[in-house]
Amino acid sequence: MPEAHDSDFFGARRRPAGVDSEFVKVINDTSLRTRLIDAGIAEGLQSPKGPQKIPSIIRLYPNFDAPGKDAVSRPARATEAARGAYGLPTVEELDALLMRIRDVERSVSARLQQQVNADIARLKREIGDLEGDEFERAFHELDRALAARKALTTHVREEAFKEVEADAAFAQRKYLRLISRERRG
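Residues numbered from 1 in each chain as written. Predicted model: local features only at pLDDT ≥ 70, side-chain atom pairs only at ≥ 80, totals over all residues. Heavy atoms only, no water.

Visitor: Account for the pattern of salt bridges, naming residues and giving values.
Guide: Applying the stated criterion across every chain, the model contains 11 salt bridges. Put simply, aspartate 103 and arginine 106 hold a salt bridge, and the shortest N to O gap is 2.4 Å. Of this pair, aspartate 103 and arginine 106 both sit in helix H3 (residues 91-129), separated by 3 residues, roughly a single helical turn. A relative accessible area of 43% means that aspartate 103 is categorised as partly exposed. By relative accessible area, arginine 106 is classed as exposed at 54%. The partner of arginine 122 in a salt bridge is glutamate 141, with the nearest N and O atoms 3.2 Å apart. Taken together, the positions of arginine 122 in helix H3 and glutamate 141 in helix H4 (residues 132-150) put the pair 19 residues apart, joining distant regions of the chain. (Salt bridge = Lys/Arg side-chain N within 4 Å of Asp/Glu carboxyl O. Helix = DSSP H or I, 4+ residues; strand = E, 2+ residues; numbered from the N terminus. Buried < 20%, exposed > 50% of the residue type's maximum accessible area, 1.4 Å probe, protein only.)

This is the structure in structure tokens:
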């Protein structure tokens, strides 16, 4: 949305004193204007009536605390509406999600490390008794197992995300998209 200039205001209307110009905008979409005002994100400063050819101007409130008819109850409702509209979690919901991911990562890490370490130990034992092609095969297998141990951190994170995502009883799983590095399909 373009910033509103002093020349955009009609009649006695003027830019509110002390308001940063980045928060005073010209808006052409009346439906969006209405939704922003209803959500407490914006305040209408100027709206064309009938055949008037003047721009519609709003003031944005980044803290969702725009004054309105029911200004006493609007900030809490506006914040809740914005959270719902944008799918944003509360601090508590995000904290619960992060704690859950850490717990699952610990469990997954222990399980996967146990598997990899058991493979490495087995291969080390086998290498001592093998010769020729069998020795070569076991040596390459050991090399792959050691590389797998190094790559375990990434694998643990992926597995933890999969487990949390699959847990339908854990409501905060819907916020995984906010903290995952790659887009989930």
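Visitor: Which residues make up the packing of aromatic side chains, and what values do they have?
Guide: Evaluated as defined, the whole model comprises 1 aromatic pair. Ring centres 6.3 Å apart and planes at 20° place the aromatic pair phenylalanine 135 and phenylalanine 139 in the stacked group. Linking phenylalanine 135 with phenylalanine 139, this pair stays in helix H4, spanning 4 residues, or about one helical turn. Given a relative accessible area of 31%, phenylalanine 135 falls into the partly exposed group. Assessed through its relative accessible area of 44%, phenylalanine 139 is described here as partly exposed. Here the basic side chain of arginine 100 rests over the ring of phenylalanine 170, its NZ or CZ set 4.8 Å away from the ring centre. (Phe/Tyr/Trp six-rings, centres within 6.5 Å; stacked < 30°, edge-to-face > 60°. Lys NZ or Arg CZ within 6 Å of the ring centre and 35° of its normal.)

Visitor: Explain the environment of lysine 162 to me, using residue names and the numbers behind them.
Guide: Note that lysine 162 resides in helix H5 (residues 152-166). For lysine 162, a relative accessible area of 47% corresponds to the partly exposed category. Each C-alpha atom, one on lysine 162 and one on leucine 176, is 10.0 Å from the other, the two residues being 14 residues apart in sequence.

Visitor: Pulling in residues and values, what's your account of H5?
Guide: Note: α-helices contain 3.6 residues per turn, so residues at a spacing of three or four share the same orientation. Over its 15 residues, H5 extends 21 Å from the first C-alpha to the last, a length consistent with the 21 Å expected when each residue adds 1.5 Å. When we look at burial in H5, the residues that qualify are Leu152, Val156, Glu159, Ala160, Phe161 and Val164. Check the buried side of H5 and you find it contacts H3, H4 and helix H6 (176-179). (Expected span 1.5 Å × (residues − 1). Contact = heavy atoms within 4.5 Å.)

Visitor: Any chance you could break down H4 for me, citing the residues and the numbers?
Guide: The end-to-end C-alpha distance of H4 is 27 Å, a good match for the 27 Å that 19 residues give at a rise of 1.5 Å each. The secondary structure elements touched by the buried residues of H4 are H3.

Visitor: Would you mind going over the pairing of strand S3 (residues 57-60) in detail, with residue names and values included?
Guide: In this structure, strand S1 (residues 24-26) lies alongside S3, joined through 3 bridges in antiparallel fashion. Note that in S3 the partner of lysine 25 across the bridge is isoleucine 58. As paired strands, strand S2 (residues 42-46) and S3 are joined by 4 bridges and run antiparallel to one another. Residue glycine 44 lies in a different strand from S3, and its bridge partner there is isoleucine 58. (Pairing = 2+ DSSP bridges.)

Visitor: Tell me about the nonpolar core, and name the residues and values.
Guide: Note that soluble globular proteins tend to have their nonpolar side chains buried in a common cluster. One finds Leu97, Ile101, Val164 and Leu176 to be the most contacted residues of the largest nonpolar core, which totals 20 residues. When residues in this core are grouped by element, the largest group, 9 residues, is from H3. Not counting the four nearest positions on each side in its chain, leucine 176 is found in contact with Leu97, Ile101, Phe161, Val164 and Glu165. Membership of the second largest hydrophobic core comes to 8 residues, among which are Ala39, Ala42, Ile58 and Leu60. (Core = buried A, V, L, I, M, F, W, Y, C linked by side-chain atoms within 4.5 Å.)

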